[in-house]
Amino acid sequence: MKQWLITKADKTKAAELAEENGFSPFLTLLLMARGYDTPEKISHFLQADEWDDPMLLKDMDKAAARILRALDSFERIVIYGDYDADGVTSTALLYSYLEQRGGNVGYFIPDREADGYGMNRGAVKRLAEEGARLIITVDNGISSADEVAYAAELGVDVVVTDHHTPPEILPQAAAVVNPHRPGCSSRFKNLCGVGVVLKLVSALEGAELDPEALFENFADYAAIGTVGDIVPLQGENRRIVREGLYQIANSEKPGIRALLEKTGLQGTLSTGNLSFTIVPRINAVGRMGSSDRSVRLLLSDYEEEALSLADEMEQENAERQKQEQLVLEQAMEQLHREPRRQLERVIVVWGEGWHPGVLGIVASRITEKFGKPSVVLSVNGAEAKGSCRSIAGFSIIRALTDCAPLLSRFGGHTLAAGLTLQTEKLEEFFSAVNRCAAQQCPQMPMPQISIDCKLKPEGLSVALAAELEQLEPFGAGNPTPVFALLQLELKEIRPVGGGKHLRLLFSRDGASVSAMLFRTTPQEFPFVPGDVLDLAVTLERSEYRGEEQLSVFIRDYRPAGQEAEILFAQKQNYEAFARGEDADKASMLPDRAQLAAVYRLLQREQNKPRTMEYLCSRLQNEKIGYDKLTIALIAMKQAGLLRMERDADTLTVSLCTTNGKVPLEQAPILQRLRAQ
């Protein structure tokens, strides 16, 4: 259940701007809705050629000078990386460059479990003992003041390059390069770790810098890390990814080619290709084993070695998927066994021995499924470690900060965080984080989907999808355009992909639309031909048997005209009642006629997975909303009239055989409501 936010754009102004400057009227409308409302802003966005002087970054001059001195004197340089895609590509990029410059260079990737995130004293000591005289951190280091000071005691200088939010006390390093530092004059602040490293290489090139050669050599690494770190694809990031996608598709690097071969990618690439194929495989190695292999793969000069490492990466990714599914299933079992957890503002689950490398992914899946913030923790003896994911409008790091007395460690940002606490405090934390959530958001925000504009079915075309390609690359900060198609009559349902997906045929005013709905079986799709739906879709141009065609993909759907905001408020009303909080109890009490209407509907829909939104749409004439329907279902279950399996907002009901009249009016939940 999502709130559709349809952007309101000034069509008249867009048409005038397009005509005056020779822009496409359609693209101008979309760009204006995204804040590009002048000819200069539009031209700048479409050209995607931004790359400022790297010396605008504070301390970049100091960083370049110290590294060049190390290169000249052949000092041992070690790049201190990180185990995710951003850290791995940052390491590979800088190592590749310094090696080309003849540097005495090595790299170190910390182990997720043994070393943790960022610099640690043990690793610094080992590197110093092995001869390091300069450590360059990439994608970490900004919070490592103690470790940098320890390195200095051992005679090792440190250059910090990072993009995470700086603490009040910065490391006393030879240089600290971070676009978020106070006083940094760089215009573009949203570089990820590998973007900062690419700036560093630009600075090291100095007067010899050839921007075209820079991107030709390194944009592939930089694009993978930039997409993997989900930073806004605007400004300099837009250029990095646009040029990087081309370099990856046409790469001569054995490691990149091995990745493409193993993932089956060929031809023109998109950010989606990176997000769902290459990035997860790099991250899987860091989650399940040692990311050192990912760096070796990216740097490999030999086809056979690269293919062997890519095979290992495939195996790690398969194991990651297996562990992810195992933890998700156990988490869902816990939620079904203890449904009270689903009713809270923040969902919290934990299990013994859950693989720590997949907790963040599972938290994301739970948040997506329930539309609520979630915390997933793995218990290992007396200690529990976990990951959190949130939704727009609720700060999970603020909630953790309020719970700080219960936590051993925590950190993160508004939408994602990590934490560690004693196992004995789990139940107390569960209660505390939800008390904090109630104070921060008495009414939790509704999940949203942003829609760029409405389209008419007759206006859909291959040419329209082709125009959208000028806005690529898509990603964070520049999402794939989503369009609303309203009041479409469902004509036909065709299973495809072995029944795992659906091709749906619609019509309106004589125009037909064929749209794909992925990961939905015919049994799971609740609507039937003749129903009228609203669709939120994306458009793509594709080729089939040598001919271009339009592909329409469904992102969300709902009964035509259904007011999701009202349903969401009704859902929150019921959950407040179930938690024992203030609620409008009178509005959720069904009368006899409404109970009968619900039962008649269930007779028709039993043994089929049905969403609450769908059932409410079938009962709108009886004025039965989400909360009232929920009460009716619980009452019938208590009275022995039905069995019910529920998975978030989807439920499957089977009616029970009864002998004689069932005293439904005496169901405990109805008596409780009447009494209150």
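Residues numbered from 1 in each chain as written. Predicted model: local features only at pLDDT ≥ 70, side-chain atom pairs only at ≥ 80, totals over all residues. Heavy atoms only, no water.

**A few points about the overall build of the chain**
Here's step 1: When you go through the chain residue by residue, the secondary structure sums to 24 helices and 21 strands.
Here's step 2: Against the 2.2 N^0.38 benchmark of 26 Å for 676 residues, the chain shows a C-alpha radius of gyration of 28 Å, consistent with a compact globule.
Here's step 3: Taken along its principal axes, the extent of the C-alpha atoms in the chain is 95 × 65 × 50 Å.
Here's step 4: For the chain, buried positions account for 53% of its 676 residues.
Here's step 5: A sequence separation of at least 24 residues applies to 67% of the contacts in the chain between residues at least 6 apart.
Here's step 6: In the structure as shown, the chain presents an accessible area of about 30,100 Å², 47% of it carried by carbon and sulfur atoms.
Here's step 7: Here the chain contributes 75 positively and 94 negatively charged side chains, and the mean placements of these two sets differ by 8 Å. (Helix = DSSP H or I, 4+ residues; strand = E, 2+ residues; numbered from the N terminus. Rg over C-alpha atoms; globule rule 2.2 N^0.38 Å. Buried < 20%, exposed > 50% of the residue type's maximum accessible area, 1.4 Å probe, protein only. Contact = heavy atoms within 4.5 Å. Areas by Shrake-Rupley, 256 points an atom, 1.4 Å probe, with all protein chains shown as cover. Lys, Arg positive; Asp, Glu negative; His and termini not counted. Charge placed at Lys NZ, Arg CZ, Asp CG, Glu CD.)

**Focus on unusual backbone geometry**
Here's step 1: The linkage connecting Glu-472 with the following residue, Pro-473, adopts the cis geometry, with an omega of 5 degrees.
Here's step 2: Here Pro-473 lies in the loop between helix H19 (462-468) and strand S14 (483-496).
Here's step 3: In this model, Phe-74 sits at a positive phi of 55 degrees, which is unusual for a non-glycine residue.
Here's step 4: Positionally, Phe-74 belongs in the loop between helix H4 (60-72) and strand S2 (76-80).
Here's step 5: In this structure, Asn-607 is a non-glycine residue whose phi angle is positive, near 65 degrees.
Here's step 6: With respect to the helices, strands and loops of the structure, Asn-607 is situated in the loop between helix H21 (592-605) and strand S19 (610-611).

**A closer look at the sheet that holds S2**
One key point about sheets: their strands pair by backbone hydrogen bonds, in either a parallel or an antiparallel sense.
Here's step 1: Spatially, S3-S2-S4-S5-S6 is the arrangement adopted by the five strands of the open sheet, whose pairing is parallel. Every interior strand has two partners, whereas the edge strands, strand S3 (104-108) and strand S6 (175-177), have only one. Geometrically, the sheet is characterised by an average inter-axis angle of 20 degrees between neighbouring strands, direction not taken into account.
Here's step 2: Strand direction decides the pairing type here: strand S5 (residues 157-161) and S6, joined by three bridges, are parallel. Bridging across to S6, Val-160 finds its partner in Val-176. (Pairing = 2+ DSSP bridges. Axes fitted to C-alpha atoms, helices over the stretch in contact; angles between N-to-C directions.)

**Some details on the state of the cysteines**
Here's step 1: Counted under the stated rule, the structure contains zero disulfides.
Here's step 2: Take Cys-436: it sits in no disulfide, and the sulfur closest to it among the cysteines is that of Cys-403, at 3.7 Å.
Here's step 3: Overall, the relative accessible area of 9% leaves Cys-436 in the buried class. (Disulfide = S-S within 2.5 Å.)

**Observations concerning helix H13 (residues 292-299)**
Here's step 1: Extensive coverage of H13 is indicated by the burial of six of its eight residues.
Here's step 2: Those residues of H13 lying buried are Arg-293, Ser-294, Val-295, Leu-297, Leu-298 and Leu-299.
Here's step 3: In this structure, the buried residues of H13 make contact with helix H5 (85-100), S3, helix H9 (211-228), helix H11 (254-263), helix H12 (271-288) and helix H14 (303-337).

**A look at the packing of H14 against helix H16 (residues 359-370)**
Any two packed helices are characterised by the angle at which their axes cross and by the distance between the axes.
Here's step 1: Running from amino to carboxyl end, H14 crosses H16 at an angle of 50 degrees, the nearest separation of the two axes being 9 Å. Between H14 and H16, the angle is such that the two are oblique. Between H14 and H16 the crossing geometry is right-handed. Of the residues in H16, those touching H14 at Arg-320, Glu-324, Gln-325, Val-327, Leu-328, Ala-331, Met-332 and Leu-335 are Ile-361, Val-362, Arg-365, Ile-366, Lys-369 and Phe-370. (Parallel < 35°, antiparallel > 145°, perpendicular 65-115°, else oblique. Left-handed = near helix turned anticlockwise from the far one by under 90°.)

**Describing the nonpolar core**
It is characteristic of soluble globular proteins that their nonpolar side chains tend to be buried jointly.
Here's step 1: Counting 76 residues, the largest nonpolar core has Leu-455, Phe-483, Phe-506, Leu-539 and Leu-629 as the members making the most contacts within it.
Here's step 2: Counting residues per element, this core draws most heavily on helix H23 (residues 626-638), at eight residues.
Here's step 3: Filtering out sequence-adjacent residues up to four positions away, Leu-629 remains in contact with Val-598, Met-612, Leu-615, Cys-616, Leu-619 and Ile-624.
Here's step 4: Formed by 73 residues, the second largest nonpolar core is a distinct cluster that contains Ala-70, Leu-94, Tyr-95 and Phe-218. (Core = buried A, V, L, I, M, F, W, Y, C linked by side-chain atoms within 4.5 Å.)

**Regarding a negative patch on the surface**
Here's step 1: A cluster of acidic side chains, namely Asp-10, Glu-16, Glu-19 and Glu-20, defines a negative patch on the protein surface.
Here's step 2: With respect to the helices and strands, the residue Glu-20 is situated in helix H1 (residues 11-21).
Here's step 3: Classification of Glu-20 by relative accessible area gives exposed; the value is 64%. (Patch = residues over 30% accessible without salt bridge, like charges linked within 9 Å, V, L, I, M, F, W, Y side chains within 5 Å. Salt bridge = Lys/Arg side-chain N within 4 Å of Asp/Glu carboxyl O.)

**A word on the packing of aromatic side chains**
Each pair of aromatic rings is reported with the distance of its centres and the angle of its planes.
Here's step 1: By the definition in use, this model includes 12 aromatic pairs.
Here's step 2: Relative to Tyr-557, the ring of Phe-527 has its centre 6.1 Å away and its plane inclined at 80 degrees; by these criteria the two rings are edge-to-face. On the criterion of sequence distance, the pair formed by Phe-527 in the loop between strand S16 (511-517) and strand S17 (532-544) and Tyr-557 in strand S18 (residues 547-559) is long-range, its members being 30 residues apart.
Here's step 3: Accessibility expressed as a relative area gives 23% for Tyr-557, which makes it partly exposed.
Here's step 4: Aromatic ring contacts, followed pair by pair, group Phe-525, Phe-527, Tyr-557 and Tyr-614 into a single cluster.
Here's step 5: Looking at Arg-238, its charged tip hangs above the ring of Phe-45, at a distance of 3.7 Å from the centre.
Here's step 6: One cation-aromatic arrangement involves Arg-610 over Tyr-614; the distance from NZ or CZ to the ring centre is 5.3 Å. (Phe/Tyr/Trp six-rings, centres within 6.5 Å; stacked < 30°, edge-to-face > 60°. Lys NZ or Arg CZ within 6 Å of the ring centre and 35° of its normal.)

Purely geometric numbers; function is a separate question.
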